[in-house]
Amino acid sequence: MSMTAKATEQDIVLEARDVHRSFQLLRNRVHVLRGVDLAVGRGEAVSIMGASGAGKSTLLHVLGGLDRPTRGAVRIEEHDLFGMSAARRTEFRSRSIGFVFQAYHLLPELDVLENVLLPAMRHMNWVGQAGRYRAKAADLLEQVGLKERAAHRPMELSGGEQQRVALARALMNDPQIVLADEPTGNLDSETGEMILNHLFALTRDRGHTLILVTHNEAVAERCDRTLHMLDGRIGEAGALPAP
Ligand SMILES: Nc1ncnc2c1ncn2[C@@H]1O[C@H](COP(=O)(O)OP(=O)(O)OP(=O)(O)O)[C@@H](O)[C@H]1O
Ligand SMILES: [Mg+2]
């Protein structure tokens with residue numbers, strides 16, 4: 001029996017089919033993803049769990065078009081993510097997908113507002129638009145409670161504050177899909193809880209799709225479904241044999 005993870009809703013926004021990814025390390029070939037099938041519905045929040053090294057981050061990068069699978073396909077709405085040119089994929093990714101990483105990945109030389117603005121830079125075609133985008137970035141910062149910190153550098157912020165900036169940045173282009181890789185992994189549980197509240201409020205509660213990698217059972221439980229990575233494949237929570 002194949003362990004296909006199907007969306008509960010008819011309206012599938014993201015679908016991976018037989019996705020493989022292997023890495024060549026010197027003489028060894030490491031086969032990390034070994035035929036991942038999954039489908040995620042519009043507005044769903046799905047968590048992905050699995051042992052360290054199971055391939056969760058690798059999968060997230062492929063789903064978001066940051067890394068190319070060795071084999072298989074990813075479809076986002078009606079678009080074949082790896083069927084398009086690299087330039088088109090970058091453009092598409094920037095408009096449709098928001099990433100939140102465990103390690104924030106903020107640019108230290110930019111202030112907080114500029115970090116949030118980054119994803120929109122490529123879409124600013126004329127100078128007159130800058131004001132509108134800045135207002136939007138400021139609004140997002142307000143929503144994550146950091147309005148007063150707009151002119152600060154990331155270094156001057158706590159971990160939880162930096163992750164809130166990263167969250168605002170991920171949402172700058174109103175992406176249909178947000179991919180979050182252990183967004184609370186580096187935070188204490190109280191701060192993590194706050195980040196998750198913001199994350200859910202800004203994604204699922206507004207009809208956006210969320211795919212969240214986590215090691216934390218309680219975090220996974222806040223999602224609609226939990227998928228498990230094992231042996232390079234994905235299985236639904238109940239579909240795996242008891243450990
Ligand atoms: N660019 C790469 N080159 C070589 N090997 C890689 C690369 N990226 C990932 N791997 C390997 O793929 C495997 C899965 O890595 P991945 O980061 O996806 O795991 P993970 O499930 O996210 O683990 P963790 O929970 O620790 O974050 C690991 O064995 C890793 O060494
Ligand atoms: Mg990882």
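Here, the structure is the one placed above.
Residues numbered from 1 in each chain as written. Chains lettered and ligands numbered in written order. Predicted model: local features only at pLDDT ≥ 70, side-chain atom pairs only at ≥ 80, totals over all residues.

On to the overall build of the protein chain, then. Along the backbone of the protein chain there are 7 helices and 10 strands. Its C-alpha atoms give the protein chain a radius of gyration of 18 Å, near enough to 18 Å, the size a compact globule of 243 residues would have. Judged by the C-alpha coordinates and their principal axes, the protein chain covers about 55 × 45 × 40 Å. Of all 243 residues assigned to the protein chain, the portion counted as buried reaches 41%. (Helix = DSSP H or I, 4+ residues; strand = E, 2+ residues; numbered from the N terminus. Rg over C-alpha atoms; globule rule 2.2 N^0.38 Å. Buried ≥ 20, exposed ≤ 12 C-beta atoms within 10 Å, placed from the backbone.)

As a further point, take the environment of Asp 205. Among the secondary structure elements, Asp 205 is positioned in the loop between helix 6 (189-202) and strand 8 (209-213). When the C-alpha atoms of Asp 205 and Ala 45 are compared, they prove to be 9.7 Å apart, with 160 residues separating the residues in sequence.

Another point: helix 1 (residues 56-63). Counting buried positions along helix 1 gives 6 out of 8 residues, so the element sits mostly inside the fold. Of all the residues in helix 1, the buried ones are Lys 56, Thr 58, Leu 59, Leu 60, Val 62 and Leu 63. Of the residues one or two after helix 1, Gly 65 is the one with positive phi, at around 75°.

Moving on: the pairing of strand 2 (residues 28-41). Examined bridge by bridge, strand 1 (residues 12-25) and strand 2 share 11 bridges and lie antiparallel to one another. Pairing of Ser 22 across the sheet is with His 31, part of strand 2. From the end of strand 1 to the start of strand 2, which pair antiparallel, there are 2 residues, and Leu 26 there has a positive phi angle of about 50°. (Pairing = 2+ DSSP bridges.)

Time to look at the packing of helix 5 (residues 159-170) against helix 6. Working note: a packed helix pair is described by the angle between its axes plus the distance between those axes. Two elements in contact, helix 5 and helix 6, have axes whose closest approach is 10 Å; the angle formed by their N-to-C orientations is 10°. Between helix 5 and helix 6, the angle is such that the two are roughly parallel. In this structure, helix 5 uses Gly 160, Gln 163, Arg 164 and Leu 167 to contact helix 6, whose residues at the interface are Thr 191, Met 194, Ile 195, His 198, Leu 199 and Leu 202. Grouping the constituent residues of the contact of helix 5 with helix 6 by class yields 5 nonpolar, 4 polar and 1 charged. (Axes fitted to C-alpha atoms, helices over the stretch in contact; angles between N-to-C directions. Parallel < 35°, antiparallel > 145°, perpendicular 65-115°, else oblique. Contact = placed C-beta atoms within 7 Å. Nonpolar A, V, L, I, M, F, W, Y, C, P; charged D, E, K, R; others polar.)

What follows concerns the site of ligand 1. In the vicinity of ligand 1, the contacting residues are Phe 23, Leu 25, Val 30, Val 32, Gly 50, Ser 52, Gly 53, Ala 54, Gly 55, Lys 56, Ser 57 and Thr 58. Those elements giving two or more residues to the shell around ligand 1 turn out to be strand 1, strand 2 and helix 1. The element best represented in the shell around ligand 1 is helix 1, accounting for 3 residues. In terms of residue class, the shell around ligand 1 is made up of 5 nonpolar, 6 polar and 1 charged. (Near = placed C-beta within 6 Å.)

So, on to helix 3 (residues 112-121). When we look at burial in helix 3, the residues that qualify are Val 112, Leu 113, Asn 115, Val 116, Leu 117 and Pro 119. Turning to helix 3, the residues buried within the fold contact helix 2 (86-96), helix 4 (130-143) and helix 5.

Another point: the packing of helix 3 against helix 5. At a minimum axis separation of 7 Å, helix 3 and helix 5 run at an interaxial angle of 30°. In the packing of helix 3 onto helix 5, the handedness of the crossing is right-handed. Residues Val 112, Asn 115, Val 116, Leu 118 and Pro 119 of helix 3 lie in contact with helix 5, whose contacting residues are Val 165, Ala 168 and Arg 169. (Left-handed = near helix turned anticlockwise from the far one by under 90°.)

Purely spatial values, then, with no claim about function.
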